Amino acid sequence: MHQIIRNLELIRASLQDAATAAGRDIAPTLLAASKTRPVEDILTAYEGGQRDFGENYVREAIAKITAINHDDIVWHYIGAIQSNKTRDLARHFHWVHSVDRSKIAQRLNRDREGLPPLNVCIQVNIDAEPQKAGVRPADVAALLEMIRGCDNLVARGLMAIPAPTADDAGTPSAFARLADLFQALPVAPGWDTLSMGMTNDYPDAIKSGATLVRIGTAIFGPRLPKSES
Ligand SMILES: *Cc1c(COP(=O)(O)O)cnc(C)c1O
């Protein structure tokens, strides 16, 4: 059996175990973070039953999406968003996890016209790191309200990439804080996604309520140099 397929089976079992340990029946959705990975690796994962893939670099992603052309794959954009790339994102992806300002939401809404609504998550800078992408927790509610006013977008939830943990005993983890923020926001149809957890921290994320984990290294092996910035 191919290593990628073996890895997928191990991770699925591990997601189920983590969900069970957290008292949940359903394991989180597994998103395969496939940035820098060649088309062959994505097709191998597909053969292993994987259907959700996440990409970070627009040009690389569109080349792969166009080459692969399986219409049951769900393509997620999880990278930083430049405003001149919103049309490419709106036309090629099913989900965008990294919306962090109203200008981007407005442009995605405009560029999605004529297609089914685009699923979006708000990326939260949960640890208020100066250089990191994401909206500050205090500003999430306003951005959410704006997105909910957009006919071609559906707000699905929150996404975050926490700072490497300092492990301060007693303080709630970044994942727990994101989950609290998610719960505190007004509910609306489609509001069901907590996109958090990567190869090194997904068990903790699931413990805090992740509904979708984004995993690259544990599926595809150590990361390759990126092909485009
Ligand atoms: C690359 C990436 C991941 C996956 O990271 P791994 O540590 O390889 O599992 C998850 N989320 C985002 C936003 C990424 O860019």
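The residue numbering used here restarts from 1 in each chain and proceeds along that chain's sequence as written. The predicted origin of the model limits local features to residues at a pLDDT of at least 70 and limits the giving and counting of side-chain atom pairs to 80 or more, whereas totals for whole chains, interfaces and linings rest on all residues. Only hydrogens and water are set aside when side-chain values are computed; all heavy atoms of the structure are taken into account.

Brief notes about unusual backbone geometry
- If you check the backbone angles, N69 has positive phi at about 55 degrees while not being a glycine.
- In this description a helix means any DSSP run of H or I spanning at least four residues, a strand means any run of E spanning at least two, and both kinds are numbered starting from the N terminus. Tracing the backbone shows N69 in the loop between α3 (58-68) and β3 (74-77).
- The phi dihedral of A128 is positive, around 50 degrees, even though this residue is not glycine.
- Within the fold, A128 resides in the loop between β5 (118-123) and α6 (140-148).

Quick word on the pattern of salt bridges
- Any Lys or Arg side-chain nitrogen located within 4 Å of an Asp or Glu carboxyl oxygen qualifies as a salt bridge. In total, this model carries 10 salt bridges according to the counting rule given.
- Among the salt bridges present, the one from R136 reaches D139, with a minimum N-O distance of 2.8 Å.
- Burial classes follow relative accessibility: with a 1.4 Å probe on protein chains only, a residue under 20% of its type's maximum area counts as buried, one over 50% as exposed, and anything between as partly exposed. According to the relative accessible area criterion, R136 is exposed, its value standing at 54%.

Brief notes about the packing of aromatic side chains
- Centres within 6.5 Å make a pair out of two Phe, Tyr or Trp rings, where for Trp the six-membered ring is used; the pair is then stacked when the planes are under 30 degrees apart, edge-to-face when over 60, and tilted otherwise. Following the criterion strictly, the structure yields 3 aromatic pairs and no others.
- Each ring, one from F53 and one from W75, has its centre 5.8 Å from the other, and the planes form 35 degrees; the classification is tilted. Of this pair, F53 sits in strand β2 (residues 52-55) while W75 sits in strand β3; the two residues are 22 residues apart in sequence, bridging distant segments of the chain.
- Residues F182 and W191 carry aromatic rings whose centres are separated by 5.0 Å and whose planes lie at 15 degrees to one another, so their mutual orientation is stacked.
- Classification of F182 by relative accessible area gives buried; the value is 11%.
- Above the face of the W191 ring, R148 is positioned so that its terminal group lies 5.0 Å from the ring centre. In this scheme, the term charge over a ring applies when either NZ of a lysine or CZ of an arginine sits within 6 Å of the ring centre and within 35 degrees of the ring normal.

Considering the packing of helix α2 (residues 39-47) against α3
- Between N-to-C directions, angles span 0 to 180 degrees; the directions come from axes that are lines fitted to C-alpha atoms, helices contributing only their stretch in contact. Interaxial distance between α2 and α3 falls to 10 Å at its minimum, and their mutual angle equals 50 degrees. Our classification of the angle between α2 and α3 gives oblique. Considering only the axes of α2 and α3, their crossing is right-handed. Mapping the contact onto sequence places V39, I42 and L43 in α2 and K64, A67 and I68 in α3. Geometric relationships in this document are graded by angle, where less than 35 degrees denotes roughly parallel, more than 145 denotes roughly antiparallel, 65 to 115 denotes roughly perpendicular, and other angles denote oblique. A crossing counts as left-handed when the near helix is turned anticlockwise from the far one by less than a right angle, and as right-handed when that turn is clockwise. Residues are treated as being in contact if the distance between any of their heavy atoms lies within 4.5 Å.

On their own, these measurements won't tell you what the molecule is for.
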